[in-house]
Amino acid sequence: MSKPSSRSTLYRLIEAGQLAHKALLLPLLERGLEPGDDAVLFELGRSGATEADLASQLGLPVENLQTRLLRLIERELVARHAVGPELAPGVALTDRGVRIRNGLADHWTQLEEALLGELKPKPRKKLASTLKRFVDLLKL
């Protein structure tokens, strides 16, 4: 068995992942947000949600989400609103939250383009499916 090499694809994938993670954290920290706040903003960017639904979509216990939501409400990024056809109590992004979410999404898109910009659509799709398969195998 050969030893791990800094030239191996797996090593470079790990290195790229770590550097991309740092690059994605930078705009969060610049705005005084914490890691994971972006997931809440992105999920609420689709539409408002009840706290229970949001917690389920994010895979978090409701108690953990409540602390994060209170902080985002204090920062005026999220507000309590009636949501859905039943007008259930829930949360949604404020206008400020939408602007910050859009800025974070733009940053994400720029990094994605830096990674995949040279690939045509078919190889992009193939890489995405290969990485998904690899992640699924590692989750077993």
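Scroll up a little and you will see the structure.
These numbers were taken from a predicted model, which means no experiment stands behind them.

Engineer: Summarise the pattern of salt bridges; cite the residues concerned and give the values.
Structural biologist: Per the counting criterion, the structure on display carries 7 salt bridges. Residues Arg 71 and Asp 37 are paired through a salt bridge, measuring 2.7 Å at the closest nitrogen-oxygen approach. You can see Arg 71 sitting in helix H4 (residues 62–74) and its partner Asp 37 sitting in helix H2 (residues 37–46), a full 34 residues away along the chain. Take Asp 37: its relative accessible area is 0%, and that puts it in the buried class. Salt-bridge contacts for Lys 132 lead to Asp 136; the nearest nitrogen and oxygen are separated by 2.9 Å. Placement of both Lys 132 and Asp 136 in helix H6 (residues 121–139) is noted, with a separation of 4 residues, approximately one turn of the helix. Relative accessible area serves as the criterion here: at 35%, Asp 136 is assigned to the partly exposed category.

Engineer: Account for the packing of helix H1 (residues 9–30) against helix H5 (residues 95–116), naming residues and giving values.
Structural biologist: At a minimum axis separation of 10 Å, H1 and H5 run at an interaxial angle of 160°. Relative to H5, the element H1 lies roughly antiparallel. Of the two elements, H1 crosses H5, and the hand of that crossing is right-handed. Listed contacts from H5 to Ala 20, Ala 23, Leu 24, Pro 27 and Leu 28 of H1 are Leu 104, His 107, Trp 108 and Leu 111. Of the residues assigned to the contact of H1 with H5, the class counts are 8 nonpolar, 1 polar and no charged.

Engineer: Can you tell me about the side chain of Arg 68, naming the residues and giving the values?
Structural biologist: If you trace the backbone, Arg 68 turns up in helix H4. For Arg 68, a relative accessible area of 18% gives the class buried. With sequence-adjacent residues up to four places away left out, Arg 68 is seen in contact with Glu 34, Pro 35, Gly 36, Asp 37 and Val 40.

Engineer: Can you break down the nonpolar core residue by residue, with the values?
Structural biologist: Ranked by internal contacts, the top residues of the largest apolar core, which has 20 residues, are Leu 41, Leu 44, Leu 54 and Val 78. Mapped by element, the contributors of at least two residues to this core are H1, H2, helix H3 (51–58), H4, strand E2 (88–93) and H5. Of all the elements, H2 adds the most residues to this core, at 4 residues.

Parameters and conventions
For every chain, the first residue of its written sequence is number 1, and the numbers climb from 1 along that sequence. In keeping with the model being predicted, local features are shown solely for residues with a pLDDT of at least 70 and side-chain atom pairs are shown and tallied solely at 80 or more, while totals for entire chains, interfaces and linings include all residues. Remark: hydrogens and water are excluded; side-chain values derive from all non-hydrogen atoms of the structure. In what follows, salt bridge is the name for a side-chain nitrogen of Lys or Arg lying within 4 Å of a carboxyl oxygen of Asp or Glu. Here a helix means four or more residues in a row that DSSP labels H or I, a strand means two or more in a row labelled E, and each is numbered from the N terminus. Each residue is assigned to one of three classes by its accessible area relative to the maximum for its type, calculated with a 1.4 Å probe on protein chains only: buried under 20%, partly exposed between the two thresholds, exposed over 50%. Axis angles are defined between N-to-C directions and span 0 to 180 degrees, where every axis is a line fitted to C-alpha atoms and, for a helix, only to the segment in contact. Geometric relationships in this document are graded by angle, where less than 35 degrees denotes roughly parallel, more than 145 denotes roughly antiparallel, 65 to 115 denotes roughly perpendicular, and other angles denote oblique. We call a crossing left-handed when the near helix sits turned anticlockwise from the far one by less than a right angle, and right-handed when that turn is clockwise. Every residue pair with non-hydrogen atoms within 4.5 Å of one another is taken to be in contact. The nonpolar class holds Ala, Val, Leu, Ile, Met, Phe, Trp, Tyr, Cys and Pro. Asp, Glu, Lys and Arg form the charged class, and all remaining residues, Gly among them, are polar. Definition of nonpolar core: a set of buried residues of the types Ala, Val, Leu, Ile, Met, Phe, Trp, Tyr and Cys, connected through side-chain atoms within 4.5 Å.

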